[in-house]
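Take a look at the letters that make up each chain.
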Amino acid sequence: MSALTIVPWVIGNWKMNPTGENVQTWTEQFNQLLQQQPISNESCHLAVAPTFIALSQVQHAFSQYNRTVHTVAQDVSRFPATGAYTGEVSADLLKDSHIQHVLIGHSERRELLGDHSEILRAKLTNALNAGLTVIYCVGESLTQRENGQAEQVVLQQVQDIASVVAPDQWASNIVIAYEPIWAIGTGKTASAADAQAIHEKIREGLSQITDSSAKVAILYGGSVKPENAKEFAACPDVNGALVGGASLNAESFYHIAAAFAQSN
Ligand code: PGA
């Protein structure tokens, strides 16, 4: 089963970067590039995930654009609603701030911040209850890949959330990002063929869970750059990119987005 025509997503994950001044330069440059050579809403969804403190600055800047660029939270609390949870930001508070998208399950949070599957299910439940769209990240480590376990690990990570996503929410509120951990920030990428093979398996796995598997966007992430974006964009089951390092530069991010928009 392959993907129906899915509008690709290109999402910048700024991680714990940049400062307010850089944010302003970035959003101005990106807007200029979009004005010189527009990328239509219909050809590519665009989104950026800044730190919590920059969310409203970025959101305000994007509201001046001629096209939609979504602002994405990098995380959400496992605790519901509001309450005495110092340091936390709930899904309801994101929604109140008109943030409609959130990353959940990024490998850095899984590996460095203890986000295990039970926590991820709680975060996902809260996000879905608030009506947010979740970019749910999956991916294997180098050891798992070398042991031939990549497919099994990734399918298990998808299966981990099956109990908390209603069948009709898969197509409307879930985007999957396949990010092999060994390719994140390392300059190494999965080959386009390897990415396509895993994406196909993910879609097959999804078809056991939902009738909408052909409509779920599956993004690739891990050292995506302007130089390799076209190869990934040409894969039938790679429906966009989650971009870390290269998204910190507005021009690089623009060229990656353009590659996916043109493939559509
Ligand atoms: P990278 O990061 O593009 O710097 O490899 C991707 C990610 O972590 O989302």
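Residues numbered from 1 in each chain as written. Predicted model: local features only at pLDDT ≥ 70, side-chain atom pairs only at ≥ 80, totals over all residues. Heavy atoms only, no water.

1. With respect to the UniProt feature "binding site: substrate" (unreviewed entry) in the chain
So the rule is basically this: UniProt positions are given in the numbering used here, feature names are shortened, and annotations may be inferred rather than shown by experiment. Cavities and pockets were defined on a 1 Å grid built over protein atoms only: a cavity is a set of grid points that admits a 1.4 Å probe from which the probe cannot escape, a pocket is an open set flanked by protein on both sides within 12 Å along at least five of seven lines, and lining residues are those with an atom within 4 Å of any such point. We count a stretch as a helix when DSSP gives it H or I for four or more residues in a row; a strand needs E for two or more, and each element gets its number in order from the N terminus. Think of it in three bands: with a 1.4 Å probe and only protein chains considered, a residue is buried below 20% of the maximum accessible area for its type, exposed above 50%, and partly exposed in between. Under this definition, polar contacts are N or O atom pairs within 3.5 Å; protein pairs additionally need one hydrogen-donor-capable and one acceptor-capable atom, and for neighbouring residues in sequence, both atoms have to be side-chain atoms. We call two residues in contact when some of their heavy atoms are within 4.5 Å.
The feature "binding site: substrate" (unreviewed entry), as given by UniProt, occupies N13, W14, K15, G185, S223, G244 and G245 in the numbering adopted here. The greatest C-alpha distance among the annotated residues, which extend across 233 residues, is 13.9 Å, indicating that they converge on a single site. As for the annotated residues, the ones lining the largest pocket are N13 and K15. Along the polypeptide, N13 turns up in strand β1 (residues 9-13). Residue N13 is classed as buried on the basis of its relative accessible area, which comes to 4%. Here K15 takes part through its backbone nitrogen, which lies 3.1 Å from a polar atom of the side chain of N13. Here S223 lies in the loop between β7 (218-221) and α10 (226-233). Once residues within four sequence positions are removed from consideration, S223 is found in contact with A183, G185, T186, G187, K188, T189 and N228.

2. Observations concerning the UniProt feature "active site" (unreviewed entry) in the chain
When the UniProt feature table is mapped onto this chain, "active site" (unreviewed entry) is found at H106 and E179. A maximum C-alpha distance of 8.3 Å places the annotated residues, which cover 74 residues in sequence, within one compact spot. If you take the residues mentioned a moment ago, the ones lining the largest pocket come down to H106. With residues near it in sequence (within four places) discarded, H106 still touches N13, K15, C137, E179 and I184. In this structure the side chain of H106 is engaged in a polar contact, spanning 2.9 Å, whose partner is the backbone nitrogen of E108. Within the secondary structure, E179 sits in the loop between β6 (174-178) and α9 (192-207).

3. What to know about the site of the ligand
Spelled out, the test is: The nearness test applies per residue and asks whether one of its heavy atoms lies within 4 Å of the molecule or strand. Using the Shrake-Rupley algorithm and a 1.4 Å probe, accessible areas are obtained, with residue cover drawn only from the displayed protein chains. Ten residues, namely Ala, Val, Leu, Ile, Met, Phe, Trp, Tyr, Cys and Pro, are considered nonpolar, four, namely Asp, Glu, Lys and Arg, are considered charged, and the remaining ones, Gly among them, are considered polar.
Taken together, 13 residues sit near the ligand, with K15, H106, E179, G185 and S223 positioned nearest. Within the side chain of K15, an N or O atom sits 2.7 Å from an oxygen atom of the ligand. A distance of 2.8 Å separates an oxygen atom of the ligand from a polar backbone atom of G245. Considering the ligand on its own, with 280 Å² of exposed area, one finds that the protein chains cover 95% of that surface. Class assignment of the residues belonging to the shell around the ligand gives a composition of four nonpolar, seven polar and two charged.

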